[in-house]
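# Survey of secondary and tertiary structure
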Amino acid sequence: MTYPHGSWAGGSLTARSFLKPHHVARAVFHPSWIPESLDPSVDALKKARVIAGAVAAFGVYTFVEGGFAFDEMMNNAATACVVLLFITPLTVGVMLYLWRRSGAGTVAQLREPLVRSLKLLLLFIGSALGTVLIFRLGDAFGTLGGLLTSIVGLWMAFFVIAGAYRISGNFFGTAVVHRCLPPLLATVTAWLMAIPDLVTGDLHGLGLALGFVFILGAPITVTGIALLEMDRLRSRYGIRLAAHPATLPSHPTPARTPTPPPPPYAPNGVVPPQGNPYGPPVGNPYGRPPQGDPYAPGPRNPYHPPPPHSPR
């Protein structure tokens, strides 16, 4: 198995990129070493899984609570970070144990991608907890300090939200370890976020039936999409969750050839057809057609009869 090397962001960050936090989040939380989807259908399923998770995390909660509470969202983000900090290494550790028991490969073969995924996990959790801390301490620095803290906090909030979208798709780059790890981690995380409400009976003020629909709707939806995604990987590419990554077939993504920019003299960015417009056209328009040339000398040329006394 081979893994890509290179810089974390792939050289996509510039000084102007920091004016747009979502650009920085894309470079930081979806680095260049994360492999691309194998085909458009798997990529579409991954996007559907991300949208389902976002609706479950924000849309359903906002509808149930009757409004959007920023402080409550910060608390939920801190809770989610703690859950991710424990459940992600635990789930990956269980899969490493199963792969090691199969005898098809060793854990040492996966050390480099595992370390990269762990760095991405800690980077996201640190960014989210740092954003929560900035908003908590905003009032402790006076008026001017509070204003600066609010500006930094808003930038960090957009940065973390955009990063959460990227993380939900690649789940800390674990696809570089095994293609089936992102849907597996999405399923486990969705159920662990719903189990506390089921155990404590916190139905958010709804009735029993409606409360269970809202609580179980998110993990069931994410689980269904994740199972479909893993089934596509198994049936089309032979990638099974129980198989050690060293035994899986390699499916390199073809390099994308960048489209060269049009020359500066091109009108409206469109290059006209090249060639000599005053030269002869392609082909000989005066050449002999398929039925013959009526002007060529032949046995019976009406415009050039033979002399009457010429020998045959």
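It should be noted that the structure appears before, not after, this text.
Values in this document were obtained by computation on a predicted structure and should not be read as measured data.

For the pair helix α4 (residues 111-136) and helix α5 (residues 142-170), interaxial distance at closest approach is 9 Å and the crossing angle is 150°. In terms of orientation, α4 and α5 fall into the roughly antiparallel class. The way α4 lies across α5 gives a crossing that is left-handed. Of the residues in α5, those in contact with Leu120, Phe124, Ser127, Ala128, Thr131, Ile134 and Phe135 of α4 are Thr149, Val152, Gly153, Leu154, Met156, Ala157, Phe159, Val160, Gly163, Ala164, Ile167 and Asn170. Of the residues contributing to the contact of α4 with α5, the split by class is 13 nonpolar, 6 polar and no charged.

Before going further, it helps to spend a moment on the packing of aromatic side chains. Counting across every chain of the model gives 5 aromatic pairs. An angle of 40° between the planes, with centres 5.1 Å apart, marks the rings of Phe29 and Phe159 as tilted. Of the two residues, Phe29 sits in helix α1 (residues 21-29) while Phe159 sits in helix α5, which places them 130 residues apart along the sequence. Assigned by exposure class, Phe29 and Phe159 land together as buried. Site record: aromatic cluster; members linked through ring pairs are Phe29, Phe124, Trp155, Phe159, Phe171 and Phe172.

Turning to the nonpolar core, a few remarks are in order. The tendency in soluble globular proteins is for nonpolar side chains to be buried side by side. Of all hydrophobic cores here, the largest spans 36 residues; its most connected members are Phe29, Trp99, Leu120, Phe124, Phe159, Phe172 and Val177. Every residue in contact with Trp99, bar those within four places of it in the chain, is listed here: Ala104, Gly105, Leu110, Val177, His178, Leu181, Leu241, Ala242, Ala243, His244 and Pro245. Counting residues in hydrophobic clusters, the runner-up holds 9 residues, among them Leu38, Leu233, Ala243 and Leu248.

Helical geometry: 3.6 residues make up each α-helical turn, so side chains three or four residues apart lie on a common side. When the terminal C-alpha atoms of α4 are compared, their 37 Å separation across 26 residues agrees well with the 38 Å that a helix rising 1.5 Å per residue should span. For α4, the full list of buried residues reads Pro113, Leu114, Arg116, Ser117, Leu120, Leu121, Phe124, Ile125, Ser127, Ala128, Thr131 and Val132.

Take a nonpolar patch on the surface next. A contiguous nonpolar surface patch, about 470 Å² in accessible area, is contributed by Val82, Leu85, Phe86, Leu118 and Leu122. Elements supplying a minimum of two residues to the nonpolar patch: α3 (70-102) and α4. Per-element tally for the nonpolar patch: the top contributor is α3, with 3 residues. Position of Phe86 relative to the elements: it lies in helix α3.

Rules of the game
- Residues numbered from 1 in each chain as written.
- Predicted model: local features only at pLDDT ≥ 70, side-chain atom pairs only at ≥ 80, totals over all residues.
- Heavy atoms only, no water.
- Axes fitted to C-alpha atoms, helices over the stretch in contact; angles between N-to-C directions.
- Helix = DSSP H or I, 4+ residues; strand = E, 2+ residues; numbered from the N terminus.
- Parallel < 35°, antiparallel > 145°, perpendicular 65-115°, else oblique.
- Left-handed = near helix turned anticlockwise from the far one by under 90°.
- Contact = heavy atoms within 4.5 Å.
- Nonpolar A, V, L, I, M, F, W, Y, C, P; charged D, E, K, R; others polar.
- Phe/Tyr/Trp six-rings, centres within 6.5 Å; stacked < 30°, edge-to-face > 60°.
- Buried < 20%, exposed > 50% of the residue type's maximum accessible area, 1.4 Å probe, protein only.
- Core = buried A, V, L, I, M, F, W, Y, C linked by side-chain atoms within 4.5 Å.
- Expected span 1.5 Å × (residues − 1).
- Patch = residues over 30% accessible without salt bridge, like charges linked within 9 Å, V, L, I, M, F, W, Y side chains within 5 Å.
- Areas by Shrake-Rupley, 256 points an atom, 1.4 Å probe, with all protein chains shown as cover.
- Salt bridge = Lys/Arg side-chain N within 4 Å of Asp/Glu carboxyl O.

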